[in-house]
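# A look at the structure
What follows is each chain in one-letter form.
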Amino acid sequence: MYRIRTFNKISPVGLNRLDPALYAVSDSETDEDAILVRSAKLLDLEFNPGLLAIARAGVGVNNIPLDSCAQKGIVVFNTPGANANGVKELVIAGMLMASRD
């Protein structure tokens, strides 16, 4: 079983896609195999020696120490299209607000 530690609140819609028989997911996991993060800063965090991957739920990886991860063989990746619907909704709302007198 893989242990995944979450930082921030991650949508249950996405987390429910992970089979509980294969993945233990919580914000209190110890000796985690992977980290799932949104905006929490991991720059000063001491990583578990067995950590395999860090997934950033969103665009960018500026809150993750890439050099340190590369030296330790930790794979880091992001999900750039994850918030596309939210961005579209914000843009349309802004256009509607700007069109009002």
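Please refer to the structure higher up on the page.
Residues numbered from 1 in each chain as written. Predicted model: local features only at pLDDT ≥ 70, side-chain atom pairs only at ≥ 80, totals over all residues. Heavy atoms only, no water.

### Looking at the pairing of strand β4 (residues 53-56)
The side-chain alternation of β4 yields two buried faces, one formed by A53 and A55 and the other by I54 and R56. Relative to β4, strand β3 (residues 34-37) runs parallel, the two sharing four bridges. Looking at the pairing, A34 lines up with A53 of β4. Sheet analysis places β4 next to strand β5 (residues 75-78), joined by four bridges and oriented parallel. (Buried < 20%, exposed > 50% of the residue type's maximum accessible area, 1.4 Å probe, protein only. Helix = DSSP H or I, 4+ residues; strand = E, 2+ residues; numbered from the N terminus. Pairing = 2+ DSSP bridges.)

### What to know about the nonpolar core
F7, I35, V37, A40, L42, F47, L51, I54, I64, C69 and I74 form the largest nonpolar core, which has eleven residues in total. Look past the residues within four positions of L51 in its chain and what remains in contact with it is E32, D33, A34, I35 and I74. Among the nonpolar cores identified, the runner-up in size contains five residues, and I4, I10, A34 and L36 belong to it. (Core = buried A, V, L, I, M, F, W, Y, C linked by side-chain atoms within 4.5 Å. Contact = heavy atoms within 4.5 Å.)

### As for the side chain of T6
On the secondary structure map, T6 appears in strand β1 (residues 2-6). On the basis of relative accessibility, which here comes to 9%, the residue T6 falls in the buried class. Among the polar contacts listed, one links the side chain of T6 to the backbone nitrogen of D27, at a separation of 3.4 Å. In contact with T6, not counting residues within four places along its chain, are V25, S26, D27 and L36. (Polar contact = N/O pair within 3.5 Å; in protein donor to acceptor, adjacent residues only side chain to side chain.)

### A few points about helix α3 (residues 84-99)
Counted at 1.5 Å a residue, the expected span for α3 with its 16 residues is 22 Å, and the 23 Å between its end C-alpha atoms agrees. The buried count for α3 comes to zero of 16 residues, which makes it a mostly uncovered element. (Expected span 1.5 Å × (residues − 1).)

### A word on unusual backbone geometry
Positive phi values are uncommon outside glycine, yet N8 reaches one of about 65°. Inspection of the secondary structure puts N8 in the loop between β1 and α1 (12-15). Judged by its relative accessible area of 34%, N8 falls in the partly exposed class. Look at D31: it is not a glycine, yet its phi comes out positive at around 50°. Its location among the elements puts D31 in the loop between β2 (23-26) and β3.

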